[in-house]
Amino acid sequence: MFVARSIAADHKDLIHDVSFDFHGRRMATCSSDQSVKVWDKSESGDWHCTASWKTHSGSVWRVTWAHPEFGQVLASCSFDRTAAVWEEIVGESNDKLRGQSHWVKRTTLVDSRTSVTDVKFAPKHMGLMLATCSADGIVRIYEAPDVMNLSQWSLQHEISCKLSCSCISWNPSSSRAHSPMIAVGSDDNSPNTMAKVQIFEYNENTRKELTSSGGPTKFEIHIVAQFDNHNSQVWRVSWNITGTVLASSGDDGCVRLWKANYMDNWKCTGILKGNGSPVNGSSQQGNSNPSLGSNIPSLHNSLNGSSAGRKQS
Amino acid sequence: MEKMSRVTTALSGSMLTGRTMHCHLDAPANAISVCRDAAQVVVAGRSIFKIYSIEEEQFVEKLNLRVGRKPSLNLSCADVVWHQMDENLLATAATNGVVVTWNLGRPSRNKQDQLFTEHKRTVNKVCFHPTEAHVLLSGSQDGFMKCFDLRRKDSVSTFSGQSESVRDVQFSIRDYFTFASTFENGNVQLWDIRRPDRCERMFTAHNGPVFCCDWHPEDRGWLATGGRDKMVKVWDMTTHRAKEMHCVQTIASVARVKWRPECRHHLATCSMMVDHNIYVWDVRRPFVPAAMFEEHRDVTTGIAWRHPHDPSFLLSGSKDSSLCQHLFRDASQPVERANPEGLCYGLFGDLAFAAKESLVAAESGRKPYSGDRRHPMFFKRKLDPAEPFAGLASSALSVFEMEPAGGSMGWFVDTAERYALTGRPLAELCDHNAKVARELGRNQVAQTWTMLRIIYCSPGLVPSANLNHSVGKGSTCGLPLMNSFNLKDMAPGLGSETRLDRSKGDARSDTALLDSSATLLTNEDNEETEGSDVPTDYLLGDAEGEEDELYLLDPEHAHPEEPEYVLPQEAFPLRHEIVDTPPGPEHLQDKADSPHVSGSEADATSLAPMDSSFSLLSVSHALYDSRLPPDFFSVLVRDMLRFYAEQGDVQMAVSVLIVLGERVRKDIDEQTQEHWYTSYIDLLQRFRLWNVSNEVVKLSTSRAISCLNQASTTLHVNCSHCKRPMSSRGWVCDRCHRCASMCAVCHHVVKGLFVWCQGCSHGGHLQHIMKWLEGSSHCPAGCGHLCEYS
């Protein structure tokens, strides 16, 4: 059902991330060669590199697009312990004539003491926010109070996840009725630790209460689901645009698709292999035993109970 | 002391053993240096100067060279170096500009040997000649380098860098007379020790200070330099001009660089700011360190490989007052943690996937390579025969695009564009949308629309023209929604309809054989037969039966009916008249007959659906008799909308919400509706369906939504006559008092869509301008402007 289109990326080292923009017509790649490239889809469906620039002084792990309402904005994060926000400059220049666009750095986020492994903008309705996670297992939430000023970001929350985080993903659902969800994957490779893919839910109401009582503002997090099928490091998690399917890829070279059924049980619904060959997944799917709805005591328990996820609307 | 030296010398021949370990120093270290026997290390700092022996399990303090009651500034060391030929000979660079040599062979407690007070400022570096026993070189902050012969009291020669501070000086290991020096202005100079007047060669190596340099132990031409610009560069000095061979990018300024013994391309670096780790790089993979040592809690100030021929032991001193021995096999390898895969789900269902080529190759190696032949473009490997180094990695980037048939998001776009949400009677909207959904192969959605039509187009709510039609539909469709759960329960209670009940049973078995689309169609059938259920006559039933066939796509019947279907308004009045004169008591019989009638008319396939409709009929009749209002179903409809929204098809939820309007709105709480609207609008905007999105915003009843397109849209317009900006007062220009929105083609005032060139402010009717531009690219107003429209 898929047709593959190969692209000569011309990165000088491993590519660590690919990211489509909001409309699916631009793509950004980042690599260990410390550069980010932006690709635009032509009418014929080919991808052309329209920008390539050095972003960090270490491997760039992730690159991600902000909602176009905030402009053409990218965020990247790196082994050099920083995350950065970039904006495309509109205007006539020599770059334009060559079919190249120009990107400038708007801010550098330097809070992490270890490699920043992922960065993601929050769904638009939450404002201009982004989340980063780092190798020491800390998820940080930043917010730009003024959406017109991309150079000012304040650190809103720090959540300790205990496990070395490799990837993070906001659920794109923009519901105000149920809480935003963040999926976190871990590259911890010890076999006996917690599940490698976790879905966290953030309870905004609780936060408001805490804020009004003068206490520290905190994300109330509980785990909605966790999966350990990959049996190895999980490198990447990604939601489809309706927020119903979560794709995760692991060191086993496979992509697994997860979907909640009507009972809110998350199940593996498909396996794709890296080289595009189909996997006769029936047997493998039989093995999938996602442990569901179990709260991890070390995290704040939600007031809503464990499996309160998507059905709350 | 003599005795100790002998013991350690004996050790030097054997294999080195040890483990990763560290010991606490009393004070921060500035530099370390290893004795040539690899068994002792000297640590020097502002207030520390000690010799430790490296034991199997630990460091043992052997000697404290910092003696005397009142420590002088001479003991505040910026650098220390241990002679590589003489175990007893050490030299330190003091922060007050003094160069001190130490003789461990002295019998007294104070081992200080000679004092050279020639530099005016801090001495940054001292260096012994690798093969000459008595030659010492120093580089200072004052910009001078001095060469000392230890047999004399003062310097042999002075070299002036003609620039600011000297940061590092290093004798070439291979060339007897050559040394390199690095400067704070970014230059590297090459000197011949016999010619102090001017340097042999000078080049700019870095942007900003060059903090360190190191000659390659084997390759005589290779010099590694590290600077504040976070780079390590490897230069080939054998060529006429220094040639940059490799450039390693680190994450912080480079304070020290040391080639790794026995590994031609490896070097170790540490930083003087921010970063506390020590990295070992393979210069051929300049972006990812091969190994990383994370033991230190503060800046690492000195690194040294323990033995010139052993690549696995690295010693380091740090500002955190500790001395460490690192084993290479205990190092963490950032490559291992580097994510080799990138994955992204695109808007149209495409997946972009980048993977390390070796991973992909390994995958395909496991099974026959047929996969690659089928998709020749698949993971095309960049074949580079010149690639000599296995550690180099590259990724294959590919986009998996959904085939049009394979569940791409095309249906969403089609549906969004073709759905009718307003402007027509409810029944038509439902029919239209059902048709759209069916044509896109979304049968469940189509059926839902049909049901909605039946439920809500009841006598009270729709024009009487549609009356019986809609009533019939309402009842039948409500039932499937209720999962047909109470069909049997309800029917017997109706007494007189037991016969129908039986027929229903038959119908069940028949419909079971039909596929989903057929069942959809049966609903249509039902509605007509039910129409007869409600007081109607045969004629009506027949006519509708034919319409049913149209739904069934029976070509014979469909074609003649088509005009009528396209213009349903014409058909309704006719029925209306018939409706008014129905013989009530006959209706049961009608029902019994109607299937047979239609069965005889149509072929066998239509018979089964008729039967099923039949069975449903009876129930619907009952419902109708008890005067169940459409409100009865609102719970079901609400649950259905929820179901669709939960499934991710928020499009359906919002469309139904808009089409049904007040009928269902009150049953769904405001917040949920708002969420559906925002989600749907967000999706529409993703697909750049701006018009549909705007329509949805306009049709929404939620305040929060409908205000969306009333905010922050400002057009700045110039008058097309006087070219001055228009005030906010509309379309008459303040200055020339003429209407600004004249069509440049037909010279009439434009009402509605006005398109204009932003360059010359002239424009007009969209169609007129489009037509004009086909023929000419100049402005139709004759102003000579080459108009541009996006």
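Residues numbered from 1 in each chain as written. Chains lettered and ligands numbered in written order. Predicted model: local features only at pLDDT ≥ 70, side-chain atom pairs only at ≥ 80, totals over all residues. Heavy atoms only, no water.

Novice: Mind laying out the pattern of salt bridges, listing which residues take part and the relevant values?
Specialist: Residue and element names in this part refer to chain B. The tally for this structure, following the rule as stated, stands at 27 salt bridges over all chains. Notably, a salt bridge pairs Lys-146 with Glu-118, separated by 3.7 Å at the nearest N-O pair. Here Lys-146, found in strand β12 (residues 144-149), pairs with Glu-118, found in the loop between β9 (112-116) and β10 (123-128); they are 28 residues apart in sequence, far enough to count as distant. For Glu-244, the salt bridge goes to Lys-233, with nearest N and O atoms at 3.9 Å. Here Glu-244, found in strand β21 (residues 243-249), pairs with Lys-233, found in strand β20 (residues 231-236); they are eleven residues apart in sequence, far enough to count as distant. (Salt bridge = Lys/Arg side-chain N within 4 Å of Asp/Glu carboxyl O. Helix = DSSP H or I, 4+ residues; strand = E, 2+ residues; numbered from the N terminus.)

Novice: Any details on the sheet that holds strand β31 (residues 395-402) of chain B? Residues and values, ideally.
Specialist: In any sheet, the strands associate via hydrogen bonds between backbone groups, in a parallel or an antiparallel arrangement. Taken together, four strands build an open sheet; the order of strands is β1(A)-β31(B)-β30(B)-β29(B) and the sheet is antiparallel. Both edges of this open sheet fall to β1 (2-7) of chain A together with β29 (341-345) of chain B, since each of them pairs with a single strand only. Looking at each pair of strands side by side, their axes are set apart by 20 degrees on average, direction ignored. Pairing geometry for strand β30 (residues 351-356) of chain B and β31(B), over six bridges, is antiparallel. Bridging across to β31(B), B:Ala352 finds its partner in B:Val399. (Pairing = 2+ DSSP bridges. Axes fitted to C-alpha atoms, helices over the stretch in contact; angles between N-to-C directions.)

Novice: Lay out the interface of chain B and chain A in plain terms, naming residues and giving numbers.
Specialist: How big an interface is tends to be stated in terms of accessible area lost as the parts join. Facing the 74 residues of chain B at the interface are 73 residues of chain A. Each partner contributes to the roughly 6,700 Å² buried at the junction of chain B and chain A, and carbon and sulfur atoms together form 56% of this total. Three residues stand out in chain B for area buried against chain A, namely B:Phe287, B:Leu343 and B:Leu397, and they jointly supply 11% of the buried area on that side. There are two salt bridges connecting chain B and chain A. Salt-bridge contacts for A:Asp13 lead to B:Arg285; the nearest nitrogen and oxygen are separated by 2.8 Å. Connecting chain B to chain A are eight residue pairs in polar contact (both at pLDDT 80 or more). Of all the secondary-structure elements, those providing two or more residues to the side of chain B that touches chain A are α2 (334-337), β29, β30, α3 (357-366), β31, α17 (631-646) and α20 (670-686) of chain B. When the residues that make up the side of chain B that touches chain A are grouped by side-chain class, the tally is 33 nonpolar, 21 polar and 20 charged. With six bridges joining them, β1(A) and β31(B) adopt antiparallel strand pairing. (Contact = heavy atoms within 4.5 Å. Buried area = accessible area lost by both parts, 1.4 Å probe. Polar contact = N/O pair within 3.5 Å; in protein donor to acceptor, adjacent residues only side chain to side chain. Nonpolar A, V, L, I, M, F, W, Y, C, P; charged D, E, K, R; others polar.)

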